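Summary of the model geometry
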Amino acid sequence: MTHHRPHPDTLGVHAGREDFAALGVHAPPLDLSTTYPVTDLDEGTASFDALVGGAARAANPIYARLHNPTVARFEQALAQLEGSRDAVAFASGMAAMSACLLAARQRGGHVLAVRPLYGTSDHLLASGLLGIGTRWVRPEEVGSAIDGDTAMVIIETPANSTLDLIDIAAVVRAAGTVPVLVDSTFATPVLQQPVALGATLVLHSATKFLGGHGDVIAGVVACDTEWAAALRQVRAATGGLLHPLGAYLLHRGLPTLSLRVHKAQANAQVVAERLAAHPAVARVCYPGLGTVANAHLAGSQMRGPGSLLAFELHGGHAAAAAVMAAVRLATPAVSLGSVDTLIQHPAGLTHRVVDAQTQARCGITAGLLRLSVGIEDVEDIWADLLQALDAAREAKAA
Ligand SMILES: *Cc1c(COP(=O)(O)O)cnc(C)c1O
């Protein structure tokens, strides 16, 4: 029999559900146990040793900080979507990033990181809080900046909030044997699979598209078996666990991930084009308009430009605040990748923890709004934005 590799959309529906027929179920079991009976002590001790050492599973889960079957199911499904050997889930995207940095400390004293990054990632790296240093580089400087003490290279593409793209394969080539971590939150495995481009670690704030419904905070790292063991060791020791109910909801969302991503992306292209033609708007950053760094990668490295965009208003901070106050259908809130349209002000909210100079260098200005286009009907999304832009203009005139 030849092996037929299913289409990613099919994987999204079926991954992590392979044993359902044998179990006699149609929905995944949700295991909320915190501890598990140990009736065979020798087996229990062997399981404990294996799990503390980073094993993906053992004969007995022992304790939920070491292993949870519902979380493991989501991890296996996500690994299939990313095309990685394994994946490790965490309590949040930042818990996932922290675990990667703690695991990287065993390999060297600093990481190389490319700005812009998600505001709190920038803050965590810049603060040195976890005892690992950060050297900020441009993508083309990675090769020359690496030395014997470089533990990891960290990039985010598309970047938050400017939507700039970075050539993942080029960074991987420049990094040589140093592992490259890609924060792929904005792309999802539907649009981009960094492992196939040579990335060692693919990080998601699963809070965003993977969850997709605004009701789970979670993070996940897709990686090889060796890194997964290192991350599980950190997770078992530091406790940044994903709750099984969160894992259940994330797994429940995977079958519709591709539908959600594609519908939102189609909407975003229309909204971006209309915003670019609106007199109140100074510029629109969207890979689908060719207005971001390396926009050409949206059609090669990515299977489309995604559904995040940023736009700058001529009226600066006051106009941005007025638009946020005037939207009725869109939710004026941080976060992204939800089924509903979300709009937020990076300088005032998500990127406040980034110093002003870096904000300016990264194009995060007072009049910049970031829009996460949802899956509503596009005409309703546009009608809402249009009335909010008009309201902002009236506020300015008054
Ligand atoms: C939200 C976000 C994070 C942080 O994830 P949390 O789940 O909020 O901890 C990291 N990277 C990117 C790109 C994000 O959008």
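Coordinates for the structure precede this section.
These notes cover the structure that comes with them. All figures in this text were calculated on a predicted structure; none of them were measured in a lab.

Digging into the sheet that holds strand E9 (residues 308-313)
Strand pairing in a sheet is mediated by backbone hydrogen bonds. Such pairs are either parallel or antiparallel. Strands sit in the order E8-E9-E12-E11-E10 across an open sheet of five strands; the sheet is mixed. The sheet terminates laterally at strand E8 (281-285) and strand E10 (331-332), the two strands that pair on one side only. Across five bridges, the pairing between E9 and strand E12 (residues 368-372) is antiparallel. Counted as the bridge partner of phenylalanine 311 is leucine 369 from E12. Packed onto the sheet, helix H12 (residues 257-276) meets E8, E9 and E12 and runs at close to 10 degrees relative to E9. In this fold helix H13 (residues 316-326) packs onto E9, E10, strand E11 (342-344) and E12, with an angle of close to 130 degrees to the strand it touches most, E9.

Structural notes on the site of the ligand
The environment of the ligand is made up of 14 residues, and the closest members are Gly93, Asp183, Ser205, Thr207 and Lys208. Backbone polar atom of glycine 93 to an oxygen atom of the ligand: 2.9 Å apart, as the coordinates give it. Measuring from an oxygen atom of the ligand, one finds a side-chain N or O atom of threonine 207 at 2.7 Å.

Looking at the packing of aromatic side chains
Any pair of aromatic rings gets described here by the distance separating the centres and the angle formed by the planes. One pass over the full model with this rule turns up zero aromatic pairs. In this structure, arginine 115 packs its charged tip against the face of tryptophan 136, placed 3.7 Å from the ring centre. One residue, lysine 208, lies across the ring of tyrosine 118, its end atom 5.0 Å from the ring centre.

Thoughts on a nonpolar patch on the surface
On the surface, Leu30, Leu32 and Leu245 cluster together to form a nonpolar patch covering roughly 260 Å² of accessible area. With respect to the helices, strands and loops of the structure, leucine 245 is situated in helix H11 (residues 244-253).

Some thoughts on the side chain of threonine 70
Of note, threonine 70 is situated in helix H4 (residues 69-82). Here threonine 70 is in contact with Pro29, Leu30, Asp31, Pro244, Ala247 and Tyr248, once residues within four sequence places are set aside.

Section: unusual backbone geometry
Cis geometry marks the peptide bond from arginine 115 to proline 116, where omega comes out at 0 degrees. Here proline 116 is to be found in the loop between strand E2 (110-113) and helix H6 (119-127). One non-glycine residue, isoleucine 62, lies in positive phi territory at about 70 degrees. With respect to the helices and strands, isoleucine 62 occurs in the loop between helix H3 (41-52) and H4. According to the relative accessible area criterion, isoleucine 62 is buried, its value standing at 12%. Even without being glycine, leucine 163 reaches a positive phi, approximately 65 degrees. Here leucine 163 lies in the loop between strand E4 (150-156) and helix H8 (168-175). Overall, the relative accessible area of 1% leaves leucine 163 in the buried class.

Here's the deal with the side chain of aspartate 384
Tracing the chain through its elements places aspartate 384 in helix H15 (residues 378-397). Arginine 328 provides the closest opposite charge to the buried, salt-bridge-free aspartate 384, at an N-O distance of 6.6 Å. Side-chain polar atoms of aspartate 384 contact the side chain of glutamine 387, separated by 3.0 Å. Other than its neighbours up to four places away in sequence, aspartate 384 contacts Val327, Arg328, Leu329 and Ala330.

Observations regarding the pattern of salt bridges
Enumeration according to the criterion identifies 12 salt bridges in this entry. In this structure, arginine 73 and aspartate 19 form a salt bridge, with 2.9 Å as the shortest nitrogen-oxygen distance. Placement of the pair is arginine 73 in helix H4 and aspartate 19 in the loop between helix H1 (8-14) and helix H2 (20-23), with a sequence separation of 54 residues. We classify arginine 73 as buried; its relative accessible area is 13%. Owing to a relative accessible area of 31%, aspartate 19 belongs among the partly exposed residues under this scheme. The salt bridge partner of aspartate 147 is arginine 135, with a shortest N-O separation of 3.0 Å. Placement of the pair is aspartate 147 in the loop between helix H7 (142-145) and E4 and arginine 135 in strand E3 (residues 133-136), with a sequence separation of 12 residues. A residue is classified by how much of its surface remains accessible, and arginine 135, at 39% relative accessible area, is partly exposed. Salt bridges sharing common partners tie together Glu75, Asp86, Arg232 and Arg235.

Description of the nonpolar core
By size, the foremost hydrophobic cluster in this structure holds 40 residues, and its most contacted members are Phe74, Leu210, Val220, Leu250 and Leu257. Listing elements by their share of this core, those giving two or more residues are H4, strand E1 (86-90), helix H9 (188-191), strand E7 (219-223), H11, H12 and E9. With near-sequence residues (within four places) excluded, valine 220 lies in contact with Phe74, Leu78, Ala87, Val88, Ala89, Ala96, Val202, Leu203, His204, Ala206 and Leu210. Grouped together as the second largest cluster of nonpolar side chains are 30 residues, Phe90, Ala103, Val111 and Leu117 included.

A few points about H3
With 12 residues, H3 ought to run about 16 Å at 1.5 Å a step, and its terminal C-alpha atoms sit 16 Å apart, in line with that. Considered for burial, the residues of H3 that qualify are Gly44, Ser47 and Leu51. Looking straight down H3, one finds its buried side chains confined to an arc of 65 degrees; they lie on one side. Facing away from the buried side of H3 by more than 90 degrees, the exposed set consists of Asp42 and Asp49. For H3, the capping residue at the N-terminal end is aspartate 40, with a side-chain oxygen 3.2 Å from the backbone nitrogen of aspartate 42.

Quick notes on the packing of helix H5 (residues 93-104) against helix H10 (residues 225-238)
Close contact between H5 and H10 brings their axes to 9 Å; oriented N to C, the two are set at 110 degrees. Taken as axis vectors, H5 and H10 run roughly perpendicular relative to one another. Judged by residue contacts, Ala99, Cys100, Leu102, Ala103 and Ala104 of H5 engage Trp227, Ala230, Leu231, Val234 and Thr238 from H10. Class assignment for the residues of the contact of H5 with H10 results in nine nonpolar, one polar and no charged.

Reading guide: rules and limits
- Residues numbered from 1 in each chain as written.
- Predicted model: local features only at pLDDT ≥ 70, side-chain atom pairs only at ≥ 80, totals over all residues.
- Heavy atoms only, no water.
- Pairing = 2+ DSSP bridges.
- Helix = DSSP H or I, 4+ residues; strand = E, 2+ residues; numbered from the N terminus.
- Contact = heavy atoms within 4.5 Å.
- Axes fitted to C-alpha atoms, helices over the stretch in contact; angles between N-to-C directions.
- Near = heavy atom within 4 Å.
- Polar contact = N/O pair within 3.5 Å; in protein donor to acceptor, adjacent residues only side chain to side chain.
- Phe/Tyr/Trp six-rings, centres within 6.5 Å; stacked < 30°, edge-to-face > 60°.
- Lys NZ or Arg CZ within 6 Å of the ring centre and 35° of its normal.
- Patch = residues over 30% accessible without salt bridge, like charges linked within 9 Å, V, L, I, M, F, W, Y side chains within 5 Å.
- Areas by Shrake-Rupley, 256 points an atom, 1.4 Å probe, with all protein chains shown as cover.
- Salt bridge = Lys/Arg side-chain N within 4 Å of Asp/Glu carboxyl O.
- Buried < 20%, exposed > 50% of the residue type's maximum accessible area, 1.4 Å probe, protein only.
- Lys, Arg positive; Asp, Glu negative; His and termini not counted.
- Core = buried A, V, L, I, M, F, W, Y, C linked by side-chain atoms within 4.5 Å.
- Expected span 1.5 Å × (residues − 1).
- Arc of directions from axis to C-beta.
- Parallel < 35°, antiparallel > 145°, perpendicular 65-115°, else oblique.
- Nonpolar A, V, L, I, M, F, W, Y, C, P; charged D, E, K, R; others polar.

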